[in-house]
Amino acid sequence: ARGVPGSAARERKVFFWAAAASAVIVVGLVAWILLRLGGDRLTIAVDDIGEAAAAITAAVCCGLAARRRSGRQRLGWALLSASAATWAAGEVVWTVYEVGLSMDVPFPSAADAGFIGAVPLAAAGILAFFSTPRGTSTRLRLWLDGAIVFMALLFVSWSLGLNTVYNQLVDTPVVRAIDLAYPISDILIGTIVVLAIRRATNDALGRLLLLLGGLASNSLADSAFAYLNATGNYGAIGSVLDVGWVAGYLMIGLAALWPSGTARKVVEEKPIDIWQLILPWVAVLGAGLSGIALALTGRSLDPFQTLLAGAMTVLVMVSQVYAHKESLTLLIKSRLDAATLNDIIVYAPLGVVRIGLDMRIIQANPRFAELLRRPGQEVIGAPLASCLPPEEMVGAIDQFRALSDGTAGAVDSETKAVRGDGTSMWLHWSATAVRRAGGELDYFIAMFNDTTARHEAEVAAVKNINVLERLNRLKSEFLTMVRHEFRTALVGIVGFSELMRDTEQLDLPTVQGFATDIYNDGRRLDEMLDRMLDLDRAGADKVEIHLVAVDLGAAVGEAVVLARVSGGLHPITNDVDPHLPWVSGDAPRLAQLLRILLDNAIKYSPRGGLIVVSSRTEPGQIVISVKDHGDGMPLD
């Protein structure tokens, strides 16, 4: 039910009451210990049992958090639950010795195994929360920062009394190692939590801060116990410091109960905050202040502190060099990306323009200047109205206004434009608005593409459709005429043939007259077929044209020679100028056209009729004429 408003409200309510109860418990425990209510024995029992109960509470809360989550989050809370349970087991052993058996707890004991065993489980649990980092932290930088923070905390701890604990330990090496394991493990846990908070997203920051507070409280209690125990002062006021463990584990339990926000599907890309960036260096600042305090009090650094200071200096230098290298790499990469993006815009096949709020062109790539056939320096700073006709500019302003008020995320349109040479063109353009971080409109980005060729093709297609419609209409009229001519001729042929077949007595002149009529009707049919074939050839000839340089005079001469061979008794005169200029044309089609004209002249001229082929030159063209003495073609 994560992300459901009712569930989130319940989680906040549970967290609030749990935090209030934890505060009451801590304040009440402090008062009980200070006032020694019921005597020392009862106070010790309440103290020990309270510590165990707080650890068990944290283990239960972390276990419930693990159950509600998945992946690395589940693993992290499960490990923290195991850590709290292990520490609680050690505290139970301690309670059995101190309360149940009324004897001093031996050192080392099974309780120490529980206390120390909880440390690696807690460290692993916090590391499990490490996910994709915010910022530019890499794995090497993470280890460098971790080493610096660990050494700085160790330097501070050593200056505040850890050296005293170490110098006063006279037991066996195993016992000394166990005694030092408490403060060292606390420093380790503190280092891991600091790094985890530095990498945390806003959604996980509250939980990690509570974890940091809880583990820090436990660490302070551990370190204080180790120091006071080593100096022999724990017996007097040590029980008051035990409240640190109670408060620490209650805070860990509260971290597990922290209200969960809406589940995020993507990794947060927001950079880390300044305080998160500074957080690891606070430990270094603490180490520096500790060194200054030692100098002011007249104490010098012992060899171990000197070694720590030197090691920190080396690691800080390596970290800064590596950070500088990372920054330089990112700077070079960003410049390369910017150069690549600039190349994409400069060499883009589309015109890319940045337009200001005053409708003036702020920036444009070379392609836009090429589209408008204007110099680049003339385009920059020019109003958009200088590129568009007034009637088109009105529509463009309306579309940019829609971008400005947010009613449209992007607009596109197709408008006429005026080139620098005065010719008109068609532009398809699309635009979007670019806003500042505060949401204020900054400028417009528009892309332009020349669609003049497409518009001309569309216009030509419309014209072709009109031509095809006209041809289809002429074809229908022609077929109607052919049908009429065929019927007329067939009626004559059939009629006269029947008369010749069925009439027994016909004189020769009558038969010859019928035969002449039949012949004429047959000729009419033959002519009609020739005209249909010519029409079909004319349609086929328009399919493909190959233009080359043609000697028109020679082409006419060849056609006249061929016509004279087949022309019979028709004299053909060639008055074409032999020195005509060459023309651009399809030679085979021109020869075919000349043959058709001469064949028609021969076919439709009276017997022996003169046919004259002539030429004349006019501006931009040459006219070839074929003249005969036939009836001619009707004008329609």
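The shown structure was predicted, so the numbers you read here are calculated from the model rather than taken from an experiment.

(A) Representation of the pairing of strand 10 (residues 621-627). Sheet topology note: the strand 9 (residues 611-618)/strand 10 ladder contains seven bridges and is antiparallel. Each bridged residue has a counterpart across the sheet, and for Val613 the counterpart in strand 10 is Val626.

(B) Layout of the side chain of Arg419. The residue Arg419 is located in the loop between strand 3 (410-418) and strand 4 (424-435) in this model. Take Arg419: its relative accessible area is 10%, and that puts it in the buried class. A distance of 3.2 Å separates a polar atom in the side chain of Arg419 from the backbone oxygen of Ser424. Other than its neighbours up to four places away in sequence, Arg419 contacts Leu371, Leu372, Arg373, Arg374, Ser424, Met425, Asp450 and Thr452.

(C) Just the environment of Val482, in detail. For Val482, the location among the structural elements is in helix 15 (residues 452-502). When its relative accessible area of 7% is taken as the criterion, Val482 is described as buried. Separated by 43 residues in the primary sequence, Val482 and Leu525 place their C-alpha atoms 9.2 Å from one another. Discounting chain neighbours no more than four positions away, the residues touching Val482 are Met528 and Met532.

(D) Here's a closer look at the packing of helix 2 (residues 39-68) against helix 3 (residues 71-100). Between helix 2 and helix 3, whose axes approach to 8 Å, the crossing angle comes to 165°. By the angle between their directions, the pair helix 2 and helix 3 is classed as roughly antiparallel. Classified by chirality, the crossing of helix 3 by helix 2 is left-handed. Grouping the amino acids of the contact of helix 2 with helix 3 by side-chain chemistry returns 21 nonpolar, three polar and seven charged.

(E) How the structure looks around the environment of Glu558. Structurally, Glu558 is set in helix 17 (residues 552-566). As for Glu558 and Leu594, which are separated by 36 residues in sequence, their C-alpha atoms are 9.6 Å apart.

(F) Representation of a nonpolar patch on the surface in the model. There is a patch of nonpolar side chains on the surface, built from Leu34, Leu35, Leu37 and Val240 and spanning about 370 Å² of accessible area. With respect to the helices and strands, Leu35 occurs in helix 1 (residues 5-35).

(G) A look at the pattern of salt bridges. Overall, the coordinates contain 10 salt bridges when judged by the stated rule. Where Glu414 meets Arg454, a salt bridge forms, and the shortest distance between an N and an O atom there is 2.4 Å. Linking Glu414 in strand 3 with Arg454 in helix 15, this pair joins segments that are 40 residues apart in sequence. Overall, Glu414 belongs to the partly exposed group, its relative accessible area being 24%. Between Asp450 and Arg419 there is a salt bridge whose closest N-O contact spans 3.9 Å. On the criterion of sequence distance, the pair formed by Asp450 in strand 5 (residues 441-450) and Arg419 in the loop between strand 3 and strand 4 is long-range, its members being 31 residues apart.

(H) Highlighting the nonpolar core. Residues Trp77, Leu80, Ile126, Ile189, Leu211 and Tyr249 are the most contacted members of the largest nonpolar core, which totals 48 residues. Elements that contribute at least two residues to this core include exactly helix 1, helix 2, helix 3, helix 4 (110-128), helix 6 (173-199), helix 7 (202-231) and helix 9 (243-256). With nine residues, the single largest contributor to this core is helix 9. Of all hydrophobic cores here, the second largest spans 26 residues; its members include Ile361, Cys387, Met393 and Leu427.

(I) Seen up close, the packing of helix 3 against helix 9. Where helix 3 meets helix 9, the closest approach of the two axes is 12 Å, and the angle between their N-to-C directions is 155°. Classed by the angle they form, the pair helix 3 and helix 9 counts as roughly antiparallel. For the element pair helix 3 and helix 9, the recorded crossing hand is left-handed. Every residue of helix 9 that contacts helix 3 at Trp77, Ser83, Ala84 and Trp87 is listed here: Trp245, Tyr249, Ala255 and Ala256.

(J) Expanded view of the confidence of the model for the chain. Here the chain averages 79 in pLDDT, and 85% of its residues register 70 or above. Here residues 262-269 is a poorly scored stretch, pLDDT under 50, and it has six contacts once near neighbours within four places are set aside; other chains count.

(K) Quick peek at helix 4. Here helix 4 contains 19 residues, and its C-alpha end-to-end distance of 28 Å stays within 8% of the 27 Å for a straight helix at 1.5 Å per residue. Of all the positions in helix 4, only Ala111, Asp112, Gly114, Phe115, Ala118, Val119, Ala122, Ala123, Gly125, Ile126 and Ala128 are classed as buried.

(L) Seen up close, the sheet that holds strand 3. Read from one edge of the open sheet, five strands run 2-1-5-4-3, paired in antiparallel fashion. With partners counted over all chains shown, the strands left at the sheet margins are strand 2 (361-364) and strand 3, one partner each. The sheet shows a mean angle of 30° between the axes of neighbouring strands, taken without regard to direction. The pairing of strand 1 (residues 351-355) with strand 5 spans five bridges and is antiparallel. Residue pairing in the sheet places Val352 in a bridge with Met447 of strand 5. Here helix 15 sits on the sheet and contacts strand 3, strand 4 and strand 5; the angle it forms with strand 4, its principal contact strand, is near 135°.

The rules we used
- Residues numbered from 1 in each chain as written.
- Predicted model: local features only at pLDDT ≥ 70, side-chain atom pairs only at ≥ 80, totals over all residues.
- Heavy atoms only, no water.
- Pairing = 2+ DSSP bridges.
- Helix = DSSP H or I, 4+ residues; strand = E, 2+ residues; numbered from the N terminus.
- Buried < 20%, exposed > 50% of the residue type's maximum accessible area, 1.4 Å probe, protein only.
- Polar contact = N/O pair within 3.5 Å; in protein donor to acceptor, adjacent residues only side chain to side chain.
- Contact = heavy atoms within 4.5 Å.
- Axes fitted to C-alpha atoms, helices over the stretch in contact; angles between N-to-C directions.
- Parallel < 35°, antiparallel > 145°, perpendicular 65-115°, else oblique.
- Left-handed = near helix turned anticlockwise from the far one by under 90°.
- Nonpolar A, V, L, I, M, F, W, Y, C, P; charged D, E, K, R; others polar.
- Patch = residues over 30% accessible without salt bridge, like charges linked within 9 Å, V, L, I, M, F, W, Y side chains within 5 Å.
- Areas by Shrake-Rupley, 256 points an atom, 1.4 Å probe, with all protein chains shown as cover.
- Salt bridge = Lys/Arg side-chain N within 4 Å of Asp/Glu carboxyl O.
- Core = buried A, V, L, I, M, F, W, Y, C linked by side-chain atoms within 4.5 Å.
- pLDDT = per-residue confidence, 0-100.
- Expected span 1.5 Å × (residues − 1).

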